[in-house]
Amino acid sequence: MVILLAAFCMVSVIISAYYLYSGYKQELELSKPTPEQDCGDLKLLPYRLFEMKTAKPIDTSRADPMALVFVESQYSQLGQEIVAILESSHFQHHTEIAPGKGDIPALTNKDRGRYALIIYENILKYVNMDSWNRELLDKYCMEYNVGIIAFHKANENSLLSSQLKGFPLNLHTNLALKDCCINPRSPLLHITKAKEVERGPLPGEDWTVFQSNHSTYEPVLLAKPRSTENIPHPITEEILHATVVQDLGLYDGIQRILFGNNLNFWLHKLIFVDAIGFLSGKKLSLSLERYILVDIDDIFVGKEGTRMNVNDVKVRTILQCI
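Every chain is numbered on its own, with residues counted from 1 as its sequence reads. Only residues with pLDDT of 70 or above have their local features reported here, since the model is predicted, and side-chain atom pairs are shown and tallied only from 80 upward, although totals for entire chains, interfaces and linings are computed over all residues. Side-chain descriptors were evaluated using all non-hydrogen atoms of the structure, hydrogens and water having been removed beforehand.

> Hey, could you run me through the pairing of strand S5 (residues 117-120) in this one?
Two faces belong to every sheet, and in a regular strand the side chains alternate between them. For every residue, the accessible area (1.4 Å probe, protein chains only) is compared with the maximum for its type, and the residue is labelled buried under 20%, exposed over 50%, or partly exposed between those bounds. Secondary structure counts use DSSP, requiring at least four H or I residues in a row for a helix and at least two E residues in a row for a strand, with both numbered from the N terminus. Neither face of S5 is open: one carries Leu-117 and Ile-119, the other Ile-118 and Tyr-120, and all of them are buried. The sheet contact formed by strand S1 (residues 67-71) and S5 spans four bridges and is parallel. Note that in S5 the partner of Leu-68 across the bridge is Ile-118. Strands qualify as paired when DSSP identifies two bridges or more between them.

> Honestly, the pattern of salt bridges in this entry has me stumped. Any pointers?
Pairs can form between side chains of opposite charge once their charged atoms are near each other. Salt bridge, as applied in this entry: a Lys or Arg side-chain nitrogen positioned within 4 Å of an Asp or Glu carboxyl oxygen. A full pass over the atoms with the stated rule returns nine salt bridges. Linking Asp-179 and Lys-224 is a salt bridge whose minimum nitrogen-to-oxygen distance equals 3.9 Å. Here Asp-179 is found in strand S9 (residues 177-182), whereas its partner Lys-224 is found in strand S12 (residues 217-225), with 45 residues between them in sequence. For Asp-179, a relative accessible area of 13% puts it in the buried group. Among the residues examined, Lys-224 registers a relative accessible area of 5% and is labelled buried. Each member of the salt-bridge network shares a partner with another, and the members are Asp-179, Arg-199 and Lys-224.

> Quick question: what am I supposed to make of the side chain of Asp-206 here?
With respect to the secondary-structure elements, Asp-206 resides in the loop between strand S10 (198-201) and strand S11 (207-211). What makes Asp-206 buried here is its relative accessible area of 19%. The definition of a polar contact used here is a pair of N or O atoms within 3.5 Å, where within protein one atom must be able to donate a hydrogen and the other to accept one, and adjacent residues in sequence count solely through side-chain atom pairs. Among the polar contacts made by the side chain of Asp-206, one reaches the side chain of Asn-261 at a distance of 3.3 Å. Contact between two residues is taken to exist if any of their heavy atoms lie within 4.5 Å; hydrogens are not considered. The contacts of Asp-206, once residues within four sequence positions are left out, are Lys-153, Ala-154, Asn-174, Leu-175, Gly-260 and Asn-261.

Any functional reading would require information that these geometric values do not contain.
Structural data, given as structure tokens:
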């Protein structure tokens, strides 16, 4: 009887080990990157077939560490999200309603710039400014080396394909995307890490992707269309397309970072914070240091099952040394 029991246990152990090994092997195979996942191969992009350029160094020493935010209205959702991120990051900022016509706020104080960064909730408000204010803003950005962050949020009235007014950049809108990845060679990455593909569908079906043959544009975030239905001819399903692009300033001397959607996607939030730090010359930037706050009450008087024990304390101590 004892021999049979021992034999049964041995067979059970062997079977369990086999299935555990098979599952582990399968997980490794699934985790191996395939060529179509590699964001480092920019030849996958239809508009980047030449050597990558580098942006000139950002020097905002003549401008105060403050961001000027142009929103569509004080109640607009994206505008509120932008302000919320600036406030939670403790970045100084000033908010204005984007003028259709009329004066923009004073940009200088004597020989210093008031703002180290300009943010537009809607890039169309920027490109469609009246010529006088647009000239003033662009001149300020060039003279004080100030960059611009802007968003393009498509709606039901957006053209499926168009060229951004005044720029060699094409927009393809109202797309459903999937399998997002980050360009590991993007110079603005700080908090954001380009390691793995974010598999699965991206939230929403109103994405904008950017295409250009000008060397000033470099992709930051890329994704593939979910299908080929109702999409423009230049967009193909198996090629990665840029949903966030960096303008290196080679076209008109102003560096910009453009987003093809709002901040609902979590990677957009991280890249937005990195973009703020990059274009402000690190004047508005977050440290990579992180702190864990432990509530002492939860250790000693927490409910049974939630109180810290000796092993919990040892694990936290080990993590602090990593």
